[in-house]
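Examination of the molecular architecture
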Amino acid sequence: MTKYLSGSLSMTQLVHRISLLSVLMLSSQLLGTGAVHAQFSFSPEQTYAVGSFPRSIGTGDLDGDGDLDLATTDPSSGTISILKNNSDGTFAPAQAVPAGEGPQSIAFGDVDGDGDLDLAVANYFLTANPISNNVSVHRNNGDGTFAPAQFFPVGTNPKFVAIGDLDNDGDLDLAAANANSDNISILKNDGTGTFSAPQNFPVINRPLSITVGDWDQDGDLDLAVSNSSYTNFVSVFTNNGDATFATPQNLGTGTGTGLRFVTSGDLDQDGDLDLVTTNYYTNDVSVLKNNSDGTFAAAQNFSVGSAAYVGPSSATLADFDGDSDLDLATSNENAPSVTTSVLKNNGDGTFGTPQTFPVSAEPTFITSGDFDNDGDVDLATSNNFSNSASVLKNITSILSGVTGFFPTKSTVGAQIAIFGSGFTGATAVTFNQKNATSFTVVSDTQITAIVPVNASSGRIGVTVSDGIATSSTNFGVLPKIQSFSPTQGPVGTTVTLVGSGFVGATQVRFNNTNARSFTVLSPNQIRATVRSGTLTGPITVITPLGLTTSATNFTVIP
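In this convention, every chain numbers its residues from 1, walking through the sequence in written order. Totals for whole chains, interfaces and linings use all residues, but because this is a predicted model, local features are given only for residues with pLDDT of at least 70 and pairs of side-chain atoms are given and counted only at 80 or more. Each side-chain value is worked out from all heavy atoms of the structure, with water and hydrogens disregarded.

**Considering the overall build of the chain**
Applicable threshold: Put simply, DSSP H or I for four residues or longer makes a helix, DSSP E for two residues or longer makes a strand, and each gets a number counted from the N terminus. Only the C-alpha atoms count toward the radius of gyration. The rule for a globule is 2.2 Å times the residue count to the power 0.38. Burial here depends on accessible area, computed with a 1.4 Å probe over protein chains only, as a share of the maximum for the residue type. Under 20% is buried, over 50% is exposed, and the range in between is partly exposed. Two residues form a contact once any of their heavy atoms are found within 4.5 Å. Accessible surface area values rest on a Shrake-Rupley calculation with a 1.4 Å probe, where residue burial reflects the displayed protein chains alone. The sign given to each residue is positive for Lys and Arg and negative for Asp and Glu; His and the chain ends receive no count. Throughout, a charge is located at the NZ atom of Lys, the CZ atom of Arg, the CG atom of Asp or the CD atom of Glu.
Along its length, the chain carries zero helices and 47 strands. Taking 2.2 N^0.38 as the reference for a compact globule, 558 residues should give roughly 24 Å; the C-alpha atoms of the chain span a radius of gyration of 22 Å, in line with that estimate. Dimensions of the chain, computed from C-alpha atoms along their principal axes, come out at roughly 70 × 65 × 45 Å. With 558 residues in all, the chain has 61% of them scored as buried. In the chain, once contacts between residues fewer than 6 apart in sequence are set aside, the share between residues at least 24 apart is 53%. Total accessible area computed for the chain in this model is approximately 18300 Å², and 52% of it derives from carbon and sulfur atoms. On the chain, the mean spot of the 20 positive side-chain charges and the mean spot of the 50 negative ones are 4 Å from each other.

Below is the structure:
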């Protein structure tokens, strides 16, 4: 089961993480001429001035205008720099937001349940200053400006913060990696964006980053933590379901040394989340494939560059070349490299030779998103020595043997006509990587296929003997509520909605009153909490493609 951030309105780095982004599915193979893979191509960097010595960068729709903005942490100036998108992938001059002392990493999420993206920042420096050694929470005013920070103590020298619903109560909690106290801190949200005192869990040594995801597929969010370059272990914490964690598995990084960063994604397309680390000293990444139960195979290592000094410091996962699998990009901060490396996924979680693209001095962190709204995934880095952020627009060629489909959006179970060429002998049809319920090859130029129940919006793929043809545009899965439980309860009740097309949901309403919070658990399930003041009535789910309303009422019990 994949979890999505409650209230998230756009693609964000989190989660990484969480993990869990719905990536753009573009084609990289041409039917009839064998498998022809697009080479990565990015335009020269566009740079934007930010605060002093920026450390981290993240992306999300901060001002609610439908495009992706950027935010960096600036340790020397003690600020966050907000770069608002002009809707074309260029950005307005940075707006400085005060943070704590030595802000390091940044995470995006709707922590107060009001429908916009707030920010959480790990503040590192160890001084007598009360705004160090904590996580600051910056509540969005709804327009990309922020209320004064609230500070919540964690361990010593926090280097990283991640966001996710760790205790399954419908709101977003925090997890911080504390480099000098050798532990992680869990801060539970009380539902309003205020956080509890930390619960601490030990790690091996000097944790530097955290990623969030459901490794063991039991319906709650687990953690993976990168320990320092001296130990080269990833600590994998399994959630007990209440934001307490079992003793971690400590996984090696193979031949990789200088472990800096960990992130997660389904690299081998088997339905579970794998792990990736960046290894600073050996100039490579380690891929640890999930065995589908939250245990992981031995690491495989892949070079990010042959130069003597590369120093990969962070990574982002996305489908950069449009072949329906997750590729990998790293920020390489060690001079004289100062590049990003992009590695093509071979479709099975192994990676090809890296391509490198220059950016400004010392890129410490990297994120990805469709900044210019042209349907492919771009890159952005925070550049420590040049006090800037770089944006590299994706101009990779998109090749496809699917020319169109009709209708362009519908509910699960609908029959879709797919048009193109070379379809004779097709062995599979997928909707955003999920196999069609059934399909019929009508002719060499047409297929009809049934949208599967677990489909989410994304590219349509057709597999033939010499490759995969993928549509150049998304098929949209319309939302539909089939049932919900419980059917009645007081304010504060958590209700599970079952249906389809839920990915990307922006609102859940009980009789036109917004839910206090909600979490998209999968394309087929949402968990939502009833807000105070709600009256009996139907439930509505709103996504970018439309809305769906339940056929029956949820009854509010006084």
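Now that the structure has been shown, we can carry on.
**Remarks on the packing of aromatic side chains**
Rules: Two aromatic rings from Phe, Tyr or Trp, using only the six-membered ring of Trp, form a pair when their centres are within 6.5 Å; if the ring planes differ by under 30 degrees the pair is stacked, by over 60 it is edge-to-face, and anything between is tilted.
The tally for this structure, following the rule as stated, stands at 14 aromatic pairs. Between F201 and F245, the ring centres sit 5.5 Å apart and the planes meet at 85 degrees, which makes this aromatic pair edge-to-face. Here F245 lies in the loop between β16 (233–237) and β17 (249–252) and F201 lies in strand β13 (residues 199–202), a separation of 44 residues in the sequence. Overall, the relative accessible area of 8% leaves F245 in the buried class. Residues F405 and F475 carry aromatic rings whose centres are separated by 6.0 Å and whose planes lie at 70 degrees to one another, so their mutual orientation is edge-to-face.

**Quick notes on the environment of R509**
Put simply, the rule is: Under this definition, polar contacts are N or O atom pairs within 3.5 Å; protein pairs additionally need one hydrogen-donor-capable and one acceptor-capable atom, and for neighbouring residues in sequence, both atoms have to be side-chain atoms.
Structurally, R509 can be placed in strand β42 (residues 507–510). Exposure remark for R509: the relative accessible area of 25% places this residue in the partly exposed category. Sequence separation between R509 and I416 is 93 residues, and the spatial gap between their C-alpha atoms is 30 Å. Not counting the four nearest positions on each side in its chain, R509 is found in contact with N514, A515, P538, I539, T540 and I542. A distance of 2.9 Å separates polar atoms of two side chains, one belonging to R509 and the other to Q507.

**As for the nonpolar core**
Condition: We call a set of buried residues a nonpolar core when its members are Ala, Val, Leu, Ile, Met, Phe, Trp, Tyr or Cys and they connect through side-chain atoms within 4.5 Å of each other.
One finds L70, L166, I184, I186, I210, L223 and F237 to be the most contacted residues of the largest nonpolar core, which totals 31 residues. Of all the elements in the fold, those that place two or more residues in this core are β10 (158–164), β11 (173–178), β12 (183–187), β14 (209–213), β15 (222–226) and β28 (388–392). Once you skip the residues sitting within four places of it in the chain, I186 turns out to touch L166, L174, A175, A197, P198, Q199, F201, L223, A243 and F245. Counting residues in each nonpolar core, the second largest holds 21 residues, with I416, F423, A436 and I447 among its members.

**A closer look at the pairing of strand β22 (residues 312–318)**
Note the following rule: At least two DSSP bridges between two strands are required for those strands to pair.
The buried count for β22 comes to seven of seven residues, which makes it a mostly enclosed element. In this sheet, strand β23 (residues 327–332) lies alongside β22 in antiparallel orientation, the contact comprising six bridges. Paired with S314 across the two strands is S331, which belongs to β23.

**Re the sheet that holds strand β39 (residues 480–485)**
Going by this rule: All axes here are fitted lines through C-alpha atoms, helices being fitted over the stretch that makes contact, and every angle between N-to-C directions spans 0 to 180 degrees.
Within the open sheet, the four strands sit side by side as β39-β41-β45-β44. Their pairing is antiparallel. Two strands bound the open sheet, and with one partner strand each, they are β39 and β44 (517–522). In this sheet, adjacent strand axes meet at a mean angle of 25 degrees when their direction is disregarded.

**What to know about unusual backbone geometry**
Between F406 and the following residue, P407, the backbone shows a cis peptide bond with an omega angle of -5 degrees. Cis rather than trans, the peptide bond between S485 and P486 has omega equal to -5 degrees. With respect to the helices, strands and loops of the structure, P486 is situated in the loop between β39 and β40 (488–489). You will see that F53, though not glycine, has its phi angle at about 50 degrees, which is positive. Within the secondary structure, F53 is located in the loop between β1 (46–49) and β2 (57–60). Overall, F53 belongs to the partly exposed group, its relative accessible area being 37%. Phi is positive for N373, close to 55 degrees, though the residue is something other than glycine. When you line up the elements, N373 lands in the loop between β26 (363–369) and β27 (378–383). By relative accessible area, which is 42% here, N373 ends up partly exposed.

**Focus on the environment of N239**
Looking at where N239 falls in the secondary structure, it is placed in the loop between β16 and β17. N239 sits 133 residues away from D372 along the chain, and the two C-alpha atoms are 37 Å apart. Apart from residues lying up to four places away in sequence, N239 is in contact with L166, D218, D220, L221, D222, T244 and F245. At 3.4 Å, the side chain of N239 and the backbone nitrogen of D242 are in polar contact.

**Re the pattern of salt bridges**
The test is simple: Note on definitions: salt bridges are taken to be side-chain nitrogens of Lys or Arg within 4 Å of carboxyl oxygens of Asp or Glu.
In total, this model carries two salt bridges according to the counting rule given. In this structure, E333 engages R260 in a salt bridge whose closest nitrogen and oxygen atoms are separated by 3.6 Å. With E333 in the loop between β23 and β24 (339–343) and R260 in strand β18 (residues 259–265), this residue pair connects regions lying 73 residues apart in the sequence. A residue is classified by how much of its surface remains accessible, and E333, at 7% relative accessible area, is buried. Relative accessible area serves as the criterion here: at 22%, R260 is assigned to the partly exposed category. Across the pair K344 and D321 runs a salt bridge, and its minimum N-O distance is 2.4 Å. Here K344 is found in the loop between β24 and β25 (355–358), whereas its partner D321 is found in the loop between β22 and β23, with 23 residues between them in sequence. Here K344 and D321 have matching classes, each one buried.

**A few points about the sheet that holds β1**
With antiparallel pairing, the four strands of this open sheet are ordered in space as β1-β28-β27-β26. With partners counted over all chains shown, the strands left at the sheet margins are β1 and β26, one partner each. The mean inter-strand angle of the sheet, taken between neighbouring strand axes irrespective of direction, is 20 degrees.

**Structural notes on the pairing of β18**
Burial analysis of β18 places six of its seven residues in the buried class, the great majority of the element. In this structure, β18 lies alongside strand β19 (residues 274–279), joined through six bridges in antiparallel fashion. If you follow L259 over to β19, its bridge partner there is N279.

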